[in-house]
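This is what each chain is made of:
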Amino acid sequence: MSAGGRRFVPMQVRVAVTGFHAVGGIMLTLALMALGVLLSGMQVDPVAQGGTGYLDFVLFFNAVLFLSPLAVVLVFLGARVRRGEHWAWLASLVFWGFAGTMTPLLAWVLDAPVSLRFVPVVCAAVMVGLLLTPQARTHCADLADD
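The shown structure was predicted, so the numbers you read here are calculated from the model rather than taken from an experiment. (Residues numbered from 1 in each chain as written. Predicted model: local features only at pLDDT ≥ 70, side-chain atom pairs only at ≥ 80, totals over all residues. Heavy atoms only, no water.)

(A) Representation of the side chain of H139 within the structure. Locating H139 in the fold gives a position in helix α6 (residues 134–139). On the basis of relative accessibility, which here comes to 4%, the residue H139 falls in the buried class. Only 3.0 Å separates the side chain of H139 from the backbone oxygen of R82, close enough to count as a polar contact. Apart from residues lying up to four places away in sequence, H139 is in contact with R7, F8, V9, P10, V13, V81, R82, R83 and G84. (Helix = DSSP H or I, 4+ residues; strand = E, 2+ residues; numbered from the N terminus. Buried < 20%, exposed > 50% of the residue type's maximum accessible area, 1.4 Å probe, protein only. Polar contact = N/O pair within 3.5 Å; in protein donor to acceptor, adjacent residues only side chain to side chain. Contact = heavy atoms within 4.5 Å.)

(B) Looking closely at the pattern of salt bridges. All chains considered together, the criterion is met by two salt bridges. Between R80 and E85 there is a salt bridge; the shortest N-O distance is 2.9 Å. Note on R80: relative accessible area 23%, which makes it partly exposed. With a relative accessible area of 19%, E85 lands in the buried category. R83 is the salt-bridge partner of E85, the closest N and O atoms lying 3.7 Å from each other. Judged by relative accessible area, which is 54%, R83 ranks as exposed. (Salt bridge = Lys/Arg side-chain N within 4 Å of Asp/Glu carboxyl O.)

(C) Representation of a nonpolar patch on the surface within the structure. A surface patch of nonpolar side chains, amounting to about 390 Å² of accessible area, comprises L28, L32, L35 and L39. Within the secondary structure, L28 is located in helix α1 (residues 11–39). (Patch = residues over 30% accessible without salt bridge, like charges linked within 9 Å, V, L, I, M, F, W, Y side chains within 5 Å. Areas by Shrake-Rupley, 256 points an atom, 1.4 Å probe, with all protein chains shown as cover.)

(D) The arrangement of the nonpolar core in detail. Within the largest apolar cluster, 23 residues are counted, with the highest numbers of intra-cluster contacts made by V13, A16, F20, L74, V81, W96 and L131. Taken together, the elements giving at least two residues each to this core come down to α1, α3 (67–83), α4 (86–109) and α5 (115–131). (Core = buried A, V, L, I, M, F, W, Y, C linked by side-chain atoms within 4.5 Å.)

(E) Representation of the environment of L116. Summarising the element assignment, L116 is placed in helix α5. Between the alpha carbons of L116 and P104 there is a distance of 7.0 Å; along the sequence they are twelve residues apart.

Right, dumping it as structure tokens:
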């Protein structure tokens, strides 16, 4: 531990935590935009859309609203990983594994563009790669003397 009680944080952890905060901010922005769309009181005629377009529209924006709690969890995990807490490191690996597998599956079910299938997978792979570096693993090691 260095002077003032602050630990050195490896560059890999700093980059990963910056990514956590960026992705969390994007998720929160999308959730707030979805809330605005759902509260706007739009007049949509499901029959004119072939009957299913409106349901897909509402389900998509309701699903996006669920990003806000995940965004808060992601920012919280980032702060805890930066502090070097082992449980947060493990939870982050689980979170990114879940995001990397479920997002493309949901994009496939909703017939979303190809970019929505690959971008989350690439982000998740980069974050897991950064968290699995020896420097990040050492920083977040479960030490008995802490």
